[in-house]
Amino acid sequence: MKQLHLDCKVILAVLVVACQQQASAASWDKVSLNGYFSFEYEKTISGDDEEDVNGSFDLDLVDLVINVDLTDKLRLAVDLTWEHGTASEDDRGNVAVEYGFAEYTINNLLRLKAGKMFTHFGIYNEIHTAKPANLTIKEPLSTNKNDKFGNDIRFYPRWVNGIGATGDGEVGDWEFDYDLQLSNGESEDDDANPFEEDDNTRKAVNGRIRVTPGEGIRVGVSFYDDSMNDPDNNGERFDISSYGVQFEWDTYDNIGVEAEYIFGTVDMTVATGSEIERSGLTLMVFYHLTDRWIPYLRYESLDPNDDIDDDEATKTVAGINWMVEQNMYLKFEVDRVNTQDNNGEFSGADFTEFKASLSIGF
Amino acid sequence: VNICNRLILIVIAFSIPLVSYSTVYIVTNQASGVTMMDKQVKRAFLGKIKQWKNGVSVDVCLEEANEEERNKFYSSVLGKTPSAYKAYWNRLLFSGKAAPPKTFGSQQELMSFVASKKGAICFTTSTESVPDNVTVLGER
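All of these numbers come straight from a predicted model, not from anything done at the bench. (Residues numbered from 1 in each chain as written. Chains lettered and ligands numbered in written order. Predicted model: local features only at pLDDT ≥ 70, side-chain atom pairs only at ≥ 80, totals over all residues. Heavy atoms only, no water.)

This next bit is on the packing of aromatic side chains. By convention here, two paired aromatic rings are described through the distance between centres and the angle between planes. Under the counting rule described, the total for this entry stands at 19 aromatic pairs over all chains. Taking 4.8 Å as the distance between ring centres and 75° as the angle between the ring planes, the aromatic pair formed by Tyr36 of chain A and Phe94 of chain B counts as edge-to-face. You can see Tyr36 of chain A sitting in strand β1 (residues 31–47) and its partner Phe94 of chain B sitting in helix α4 (residues 82–94), one on each of two chains. Side by side, Tyr36 of chain A and Phe94 of chain B carry an identical accessibility label, which is buried. The ring of Trp159 of chain A carries the charged tip of Arg158 of chain A above its face, separated from the ring centre by 5.3 Å. (Phe/Tyr/Trp six-rings, centres within 6.5 Å; stacked < 30°, edge-to-face > 60°. Helix = DSSP H or I, 4+ residues; strand = E, 2+ residues; numbered from the N terminus. Buried < 20%, exposed > 50% of the residue type's maximum accessible area, 1.4 Å probe, protein only. Lys NZ or Arg CZ within 6 Å of the ring centre and 35° of its normal.)

Here is the structure:
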């Protein structure tokens, strides 16, 4: 009986300690919960594309961003997303970890990261689904989603899983920030999961440096380098190299410009004896009509393969972004897509779409 | 003549632009080592530095002020409108670059946060009850 009494005391003590640990884990002053909601309407109003002739409502995104400041130096960041009204039982929509990484701050010039992250390349990839952070409804196809605009393979994958270094600094009056990532890269084999294992012997390397020479101006360069297996060619590899330059200018009360040019190669000489040279351009001009109304005009162009004639695609987007109230945005735009006959995605189809979106951030 | 003078006075009175009397303040924990409103203060509010020069971690916070007060702070200290500041932080937050500044609805909560966090720097609309270890860096 005495032994039982002692055991109960031990169990009680363990429970008390465990409860204290749980209380610590749920310390909400260390946690910030944010996210966004995006609801869209799309309709093809003229041309050869028949995908959205009826007009479609799309519960585009419900997204949660969780930041946990575990210590003064250690941050855990997680972004969870549910796309297109996810219902896994019916195999509808998509659920994804957009990013999940730990970041350790050494100093302002050096923070180390490990986990799944957005690929730090150019202007748009890291904010591609965050609709409250974008003026337009969709990110550019030409420089961000070129695999949906005529290329088989993107200039760089949307995410990478690995380690990274990032930092901010000053040189005189100029500010700069940089990112470097070493990762598994992308996998061509659909059965392989690059966020779990690397199916080739070489790691992907990418980086970006941006400089702010004056108020509201930022210029940057990016690169991505990777090798992948080609399952159709007995495991032979092909190499992806992409390079980008970017320019951003925003006066916050007048005109603004975002421009990005990406070029690079897909070297398949080992596998098929060929090499693809490709390039994409995005140019956007916007104007702060008031603090809440921002009209924009964007032009996109992609040459998927320099050696193939008549495969180019262009897209022109005209729209307006209206901040109805803090963090609630309504956007309306017309997108015109023109493609040439040898374009791998649209095969010469030209069409015009109307798009509207409601996005709310918190 | 008297009526004319009165009318002129009324016209002049209505012609004087409305003067804003609201004042906003930047306060910091003394352990941050920040003693003046320099470029580092602006960089802290823009999420561009994680540590002060003495190695203490930066913690930014904001008070839920009214529109006039917010305008005053964001334009005079950061050179941005409130919506531009929000848009700026949306990009940092959703890209995973940084956690957003903490926001407080009451003075008491804000001051207690600044007093408890060594690297805290905050925008507030009043300095009525400033704890001993908190410095008022400047006002606008």
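Here the narrative resumes.
What follows concerns a negative patch on the surface. Residues and elements named next belong to chain A. A grouping of Glu275, Glu277, Asp306, Asp307, Asp309, Asp310, Glu312 and Asp341 is seen on the molecular surface, where their side chains present a negatively charged patch. Inspection of the secondary structure assignment puts Asp306 in the loop between β13 (293–303) and β14 (313–325). The exposure class of Asp306 is partly exposed, given its relative accessible area of 45%. (Patch = residues over 30% accessible without salt bridge, like charges linked within 9 Å, V, L, I, M, F, W, Y side chains within 5 Å. Areas by Shrake-Rupley, 256 points an atom, 1.4 Å probe, with all protein chains shown as cover. Salt bridge = Lys/Arg side-chain N within 4 Å of Asp/Glu carboxyl O. Lys, Arg positive; Asp, Glu negative; His and termini not counted. Charge placed at Lys NZ, Arg CZ, Asp CG, Glu CD.)

Attention shifts here to the confidence of the model for chain A. Of the residues in chain A, 90% reach a pLDDT of 70 or more, and the chain-wide mean stands at 89. For residues 17–26 of chain A, every residue scores under 50 in pLDDT, and the model assigns this stretch 0 contacts once sequence neighbours within four places are set aside. (pLDDT = per-residue confidence, 0-100. Contact = heavy atoms within 4.5 Å.)

It is worth spelling out the nonpolar core at this point. Membership of the largest hydrophobic core comes to 28 residues, with the highest contact counts inside it found for Ile26, Phe45, Trp52, Phe73, Tyr85, Ile121 and Phe123 of chain B. Secondary structure elements with two or more residues in this core: α2 (39–45), β2 (59–63), α3 (67–78), α4 and β4 (120–124) of chain B. Per element, the largest residue contribution to this core is 5 residues, and it comes from α4 of chain B. Ignoring anything within four residues of it in the chain, the contact list for Tyr85 of chain B reads Phe45, Leu46, Leu62, Tyr74, Leu78, Lys80 and Pro101 of chain B. Grouped together as the second largest cluster of nonpolar side chains are 20 residues, Ile153, Tyr156, Ile276 and Val337 of chain A included. (Core = buried A, V, L, I, M, F, W, Y, C linked by side-chain atoms within 4.5 Å.)

What follows covers the interface of chain A and chain B. Of the residues lining the interface, 47 residues belong to chain A; the matching set on chain B comes to 28 residues. Here chain A and chain B share 8 salt bridges between them. For the salt bridge of Lys97 of chain B with Asp179 of chain A, the shortest nitrogen-to-oxygen distance reads 2.8 Å. Viewed at the interface, chain B and chain A are joined by 22 residue pairs in polar contact (both at pLDDT 80 or more). Among the secondary structure elements, those contributing two or more residues to the side of chain A that touches chain B are β1, β2 (56–69), β3 (74–87), β4 (92–107), β5 (110–118), β6 (159–171), β7 (174–183) and β8 (204–214) of chain A. Looking at which element gives the most residues to the side of chain A that touches chain B, the answer is β4 of chain A, with 5 residues. Its residues assigned to classes, the side of chain A that touches chain B shows 15 nonpolar, 13 polar and 19 charged. (Polar contact = N/O pair within 3.5 Å; in protein donor to acceptor, adjacent residues only side chain to side chain. Nonpolar A, V, L, I, M, F, W, Y, C, P; charged D, E, K, R; others polar.)

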